[in-house]
Amino acid sequence: MRDAEIRELPQLIGQEVRVRGWLYNARSSGKLRFLVVRDGSGYLQAVVFKPSASETLWNDAERLTQESSLWVVGTVKEDGRAPGGVELGVSELGIVSLCPEYPITPKEHGPDFLLNNRHLWLRSKRQHAVMRVRNEIVFGIRDFFYQRNYVNIDSPILTPAACEGTSTLFSTDYFGDTAYLSQSGQLYLEPAAAAHGKVYCFGPTFRAEKSKTRRHLMEFWMVEPEVAWMHFDGLLDLAEEFVSSLVARVLDRCADELAWLERDVAKLAPAAERPYPRIDYGDAVERLKAKGFPAQFGDDFGGDEETALADDAGKPTMITRYPAAIKAFYMEPDPTDPARALAVDMIAPEGYGEIIGGSERISSYDKLEQRIAEHGLPRQAFEWYLDVRKYGAFPHSGFGMGIERVVSWMCGLSHLREAIPYPRMLNRLYP
RNA sequence: UCCGCAGUAGCUCAACGGUAGAGCGUUCGGCUGUUAACCGAAGGGUUGGGGGUUCGAGUCCCUCCUGCGGAGCCA
């Protein structure tokens, strides 16, 4: 007799196995008791039949409460009446820990209650599926870059000053000095691109903005590639290849999870195919005006405007060459129009908003020095960053992608908070 | 920070200014194939806090707190 994970039971028909897990739900019908057991790998209907069960076995099966931990020994049987087509005829049952009244019932709950019980909510089917998709995306990201000979160079989380000087930062005491939690790894990645050529960082990012929307978290995960010698067109190709490959991977390997989440796969599938539309910022403004939005050249786009642009194509859409004035200081000006930056935002369809922001970086020492001054940034804090241009300047480009927004989009979630195990939001730091 | 919505049983929600209700969960009973099983019964309440109007407030008014959605900002 061997221990088995539930996912492998279809290959073990007729064998006696032990399964360990938790009681997800139970139903009884006179002389029968159906125990739905979950072990993380799947769900199993374990059946106890009173006439063939010992008194102890039957009583234990009756005593079990939702989320009690247990083990069952029995024979794996094929049965069309069981969910998944396979069930276990239980011959022995062990109660490891009897669970007191479990807060999360198989009925509906509100978001506040569920978030207060996030540590338990993670056990439920839907959250389980989301974390599986997230896992696939995270691994897919690392696989994508590893296959292409990128080197993972992680940036520090504690930093001495604002990376971009715009967003509000969380601060903490650092032996008497003030340290800030990183809001981007990019600046630290650029020197590493001079060392390895193709690099990426992947870690948590912190924004202390008091944003209260379904698209914002205070702490989120971001992956940022940075590539030496890559110009703007190459960056657009990279972003497109990257995102489409992740979508294809999730569609291929997470079909069960997407089904549990009732994700409309037909709406996601087009994003697995290249190319993605590329719309010049100026054309995007015109298109929005034609749709009745009060868009003006020079403005950044709002959430509704982004949605309108990406939904035209029904797949991620890249908006290119934004006005330099509304973009970060380190972005390379467009050689054909210095008022524009070689910047791109990739907007996901179905209202999921910006998932990627990137640009070609300024490679000239003088130009960067000038921009730092124009933005009123403390030059001293950026000496090391200027060194990237001083000692062997090189053209390079990169982008950042927010993991939770991508997970949220692929899973079809209505809120980013379900896309991360423990969401950090305004007014929420528990559990 | 601004605008809007909400707070009633453990959970999700009802209740015209006039006796505080249902479903799920829990406990007990019933059923030999259940699929969020079903049937019967029981237990479960300071209606977010404070103040006011009224013969009478879950309901109307003021105020505070908490949460949700959106704006701004961004991934």
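Located above this text is the structure these notes cover.
Cut-offs and rules
- Residues numbered from 1 in each chain as written.
- Chains lettered and ligands numbered in written order.
- Predicted model: local features only at pLDDT ≥ 70, side-chain atom pairs only at ≥ 80, totals over all residues.
- Heavy atoms only, no water.
- Near = heavy atom within 4 Å.
- Polar contact = N/O pair within 3.5 Å; in protein donor to acceptor, adjacent residues only side chain to side chain.
- Helix = DSSP H or I, 4+ residues; strand = E, 2+ residues; numbered from the N terminus.
- Nonpolar A, V, L, I, M, F, W, Y, C, P; charged D, E, K, R; others polar.
- Phe/Tyr/Trp six-rings, centres within 6.5 Å; stacked < 30°, edge-to-face > 60°.
- Buried < 20%, exposed > 50% of the residue type's maximum accessible area, 1.4 Å probe, protein only.
- Lys NZ or Arg CZ within 6 Å of the ring centre and 35° of its normal.
- Contact = heavy atoms within 4.5 Å.
- Pairing = 2+ DSSP bridges.
- Axes fitted to C-alpha atoms, helices over the stretch in contact; angles between N-to-C directions.
- Arc of directions from axis to C-beta.
- Salt bridge = Lys/Arg side-chain N within 4 Å of Asp/Glu carboxyl O.

A separate point is the protein's contact with RNA strand B. Around RNA strand B, 46 residues are found, and the nearest of them are Asn25, Pro106, His109, Arg214 and Arg405. The sugar-phosphate portion of RNA strand B accounts for 45% of its atoms within 4 Å of the protein, the bases making up the rest. Taking Lys210, its main chain carries an N or O atom lying 3.3 Å from a base nitrogen of RNA strand B. Within the side chain of Lys212, a nitrogen or oxygen atom sits 3.1 Å from a base nitrogen of RNA strand B. For the surface near RNA strand B, the secondary-structure elements that each account for two or more residues are β2 (16-29), β3 (32-38), β4 (43-49), α2 (111-116), β12 (219-228) and β18 (353-360). Here the surface near RNA strand B is built from residues that sort into 14 nonpolar, 13 polar and 19 charged.

All right, on to the packing of aromatic side chains then. Applying the stated criterion across every chain yields a total of 21 aromatic pairs. Between Phe145 and Tyr150, the aromatic rings sit 4.7 Å apart at their centres with planes inclined by 50 degrees, giving tilted as the arrangement. Each member of the pair, Phe145 together with Tyr150, is buried. Taking 5.3 Å as the distance between ring centres and 45 degrees as the angle between the ring planes, the aromatic pair formed by Tyr281 and Tyr322 counts as tilted. Taken together, the residues Tyr281 in helix α9 (residues 281-290) and Tyr322 in the loop between β14 (317-320) and β15 (333-334) connect sequence positions 41 residues apart. Across this residue pair, the class does not change: Tyr281 and Tyr322 are buried. An aromatic cluster of three or more residues is present, and its members are Phe144, Phe145, Tyr150, Tyr200, Phe242 and Phe399. Note that Arg148 overlies the ring of Phe144, its terminal NZ or CZ placed 3.6 Å from the centroid. Sitting over the ring of Tyr322, Lys327 keeps its end group 4.3 Å from the ring centre.

What follows concerns the environment of Val130. By secondary structure assignment, the location of Val130 is in helix α4 (residues 125-147). Taking relative accessible area as the criterion, Val130 reaches 0% and is therefore assigned buried. C-alpha of Val130 to C-alpha of Asn427: the two residues are 297 residues apart in sequence and 23 Å apart in space. Beyond its immediate stretch of four places on either side in the chain, Val130 contacts Leu261, Val407, Cys411, Leu413, Glu418 and Ala419.

One open sheet accounts for 8 strands, arranged β7-β11-β12-β19-β18-β17-β14-β13; its pairing is mixed. Of all the strands in the sheet, the pair left with one neighbour each is β7 (151-152) and β13 (278-280). On the sheet, α9 packs against β13 and β14 and is oriented at approximately 85 degrees with respect to β13.

So, about helix α11 (residues 365-374). Taken together, the buried positions of α11 are Leu368, Arg371 and Ile372. Here the buried residues of α11 occupy an arc of 100 degrees about the axis, which is enough to place them on one side. Opposite the buried face of α11, by more than 90 degrees, sit the exposed residues Asp366, Ala373 and Glu374. The elements touched by buried residues of α11 are β15, β16 (337-341) and α12 (383-390). N-capping of α11 is provided by Ser364, with a side-chain oxygen placed 3.4 Å from the backbone N of Asp366.

In this structure the tally under the stated criterion is 34 salt bridges. Its salt-bridge partner being Arg148, residue Glu241 comes within 2.8 Å of it at the nearest N-O pair. Here Glu241, found in helix α6 (residues 232-253), pairs with Arg148, found in the loop between α4 and β7; they are 93 residues apart in sequence, far enough to count as distant. In this structure, Glu332 engages Lys367 in a salt bridge whose closest nitrogen and oxygen atoms are separated by 3.0 Å. Of the two residues, Glu332 sits in the loop between β14 and β15 while Lys367 sits in helix α11, which places them 35 residues apart along the sequence. For Glu332, a relative accessible area of 11% puts it in the buried group. A cluster of three or more residues bridged by salt bridges with shared partners is formed by Asp280, Arg321, Asp334, Asp337 and Arg340.

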